[in-house]
Amino acid sequence: MLNDLMYDLDIKHAPDAGGHFKANGTLFGGRFAAETLMQPLQEIEQAFFDAWADPKFHAERLDLLKHYVGRATPLYHAKHLTAEVGGAQIYLKREDLNHTGAHKVNNTIGQALLARRMGKNKVIAETGAGQHGVATATVAAMFNMQCDIYMGREDIRRQAPNVFRMKLLGANVIAVDSGTATLKDAVNEALRVWVASCEDTYYIFGTAAGPHPFPLMVRQFHTVIGQEARAQCLAQAGKLPDVAVACVGGGSNAIGLLHPLRDDDIRLVAVEAAGYGLESGEHAAALAKGSPGIIHGSLSYLLEDDEGQVQGTHSISAGLDYPGVGPELAAMMENGHLELDSATDRDALDAFQRLTKAEGIIPALESSHALAAGMRIAAGMMPDQIVLINLSGRGDKDLGTVMDMLGLSCDTQEFSA
Ligand SMILES: *Cc1c(COP(=O)(O)O)cnc(C)c1O
């Protein structure tokens, strides 16, 4: 029933030629980059449109997604969780079952194929928690490419297992000391290095943000998520979902799920990290609490202080701890196509435990934000309705954080409670 033919390769709702997503007179996206980056970005744009029109590119991409990544990922009817929550039927799109444990590899496979097509033998990438770094180092190993990963020194300290994974995979992990030594600083450094090395180096950007064509390209590589989920829901439930829910860091898993559902009569919900609470000032809710501005080469919502400095963010999940958001989600929100929701650290931790106990699935803390909001929404709906939640990743990487938050350790009695 599910085969490669289900993937619709048309580019729908494309931005304009300058990479702008329009909303109420505002042009989100674009390409706000140093003069020296304009040409390499144009070359990527050209190569991307060439590749996207080439059936051989898709044949190889879809073959790798099937046999290397393990797609199509299942759509799982979470009956036990549904019964517990009471309300709409909850369906989970199982991106946690992808190779490397999250959706990110859909994008790194696509961009690595593009890099090879452009004749580049070296790739670089930024990473925060290390998930995009691992997904990049993984495909670099498989394609036999040299790989440098830029990572804030603070993140290197916090994410030791992922640093070790990247090194095992053959990548160089380069510490970034500027700013707060976290993700936004790693992006700045990777962009700076890329300017000087773009002759032989391709920059694999990790989310649906950054300068054009990255928001469009990353979206296209992730639309497999929503296209599969749409067909699977029709096949398994006999109808489309009423609501689709995804968490938002930079916005790649959200746009991947939601974009292919845009032309249907479905409520599209983006869930941001509310950290200690939206009113606490310690969160990562760029859409809910930010304002339009320029970050990492494009115009979108971002969190800034009164002086226009990018604000520090907080979330229990490193993958959502980013002060910006992709321009297309910003435009969809402005245009009224996107509903905003949020979940606090505490909500996410509760949802993490609830799914684990009810279904035997340990979700990533990022995905737990989508779950928390999705369960809340489902509770207010009817049993003949469907809430589709994107389970963007698995929670193995988060066990240490959860153990600390719950005040547990492996050798206490508390686990029997
Ligand atoms: C990186 C990550 C996210 C957030 O990134 P998006 O680009 O917003 O999707 C969400 N979930 C998981 C599991 C991740 O690894």
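Basis of the calculations
Residues numbered from 1 in each chain as written. Predicted model: local features only at pLDDT ≥ 70, side-chain atom pairs only at ≥ 80, totals over all residues. Heavy atoms only, no water. Helix = DSSP H or I, 4+ residues; strand = E, 2+ residues; numbered from the N terminus. Pairing = 2+ DSSP bridges. Axes fitted to C-alpha atoms, helices over the stretch in contact; angles between N-to-C directions. Contact = heavy atoms within 4.5 Å. Buried < 20%, exposed > 50% of the residue type's maximum accessible area, 1.4 Å probe, protein only. Polar contact = N/O pair within 3.5 Å; in protein donor to acceptor, adjacent residues only side chain to side chain.

## Focus on unusual backbone geometry
Along the chain, Arg-71 connects to Ala-72 via a cis peptide bond; the corresponding omega equals 0°. Looking at the secondary structure, you find Ala-72 in the loop between helix H2 (55-69) and strand E3 (75-77). The amide bond that connects His-212 to the next residue, Pro-213, takes the cis arrangement and shows omega of 15°. As for its position among the elements, Pro-213 is in the loop between strand E8 (201-203) and helix H9 (214-237). The phi torsion at Asn-24 lies on the positive side, around 45°, for a residue other than glycine. Residue placement: Asn-24 occurs in the loop between strand E1 (20-23) and strand E2 (26-29). With a phi close to 75°, Thr-100 is a non-glycine residue in the positive phi region. Position of Thr-100 among the secondary structure elements: in the loop between strand E4 (89-94) and helix H4 (104-117).

## Some thoughts on the sheet that holds strand E14 (residues 386-391)
Strand order across the open sheet formed by six strands is E3-E4-E14-E9-E10-E13, with mixed pairing between neighbours. Two strands lie at the open edges of the sheet, namely E3 and strand E13 (339-344), each paired on one side alone. Shown here is a sheet whose adjacent strand axes are inclined to one another by a mean of 25°, direction ignored. Helix-sheet contacts for helix H13 (residues 345-359) involve E3, E4, strand E10 (267-275), E13 and E14, and the interaxial angle to E13 is about 85°. Here helix H14 (residues 365-379) sits on the sheet in contact with E4, strand E9 (243-247), E10, E13 and E14, set at roughly 170° to E14.

## A look at the environment of Asp-341
On the secondary structure map, Asp-341 appears in strand E13. For Asp-341, a relative accessible area of 19% corresponds to the buried category. The spacing of Asp-341 and Gly-251 is 90 residues in sequence and 14 Å in space, taken between C-alpha atoms. Polar side-chain contacts of Asp-341 include one of 3.0 Å to the side chain of Arg-376.

## Digging into the environment of Leu-168
Relative to the elements of secondary structure, Leu-168 occurs in helix H7 (residues 160-168). Considering only alpha carbons, one finds Leu-168 and Leu-299, 131 residues apart in sequence, at a separation of 37 Å.

## Things to note about the pairing of E14
Taking burial as the measure, the six residues of E14 include six buried ones, the bulk of the element. Every second residue of E14 is oriented toward a common face, with Ile-386, Leu-388 and Asn-390 on one face and Val-387, Ile-389 and Leu-391 on the other, all of them buried. Here three bridges tie E9 to E14, and the two strands are oriented parallel to one another. Bridge pairing in E14 places Val-245 opposite Ile-389.

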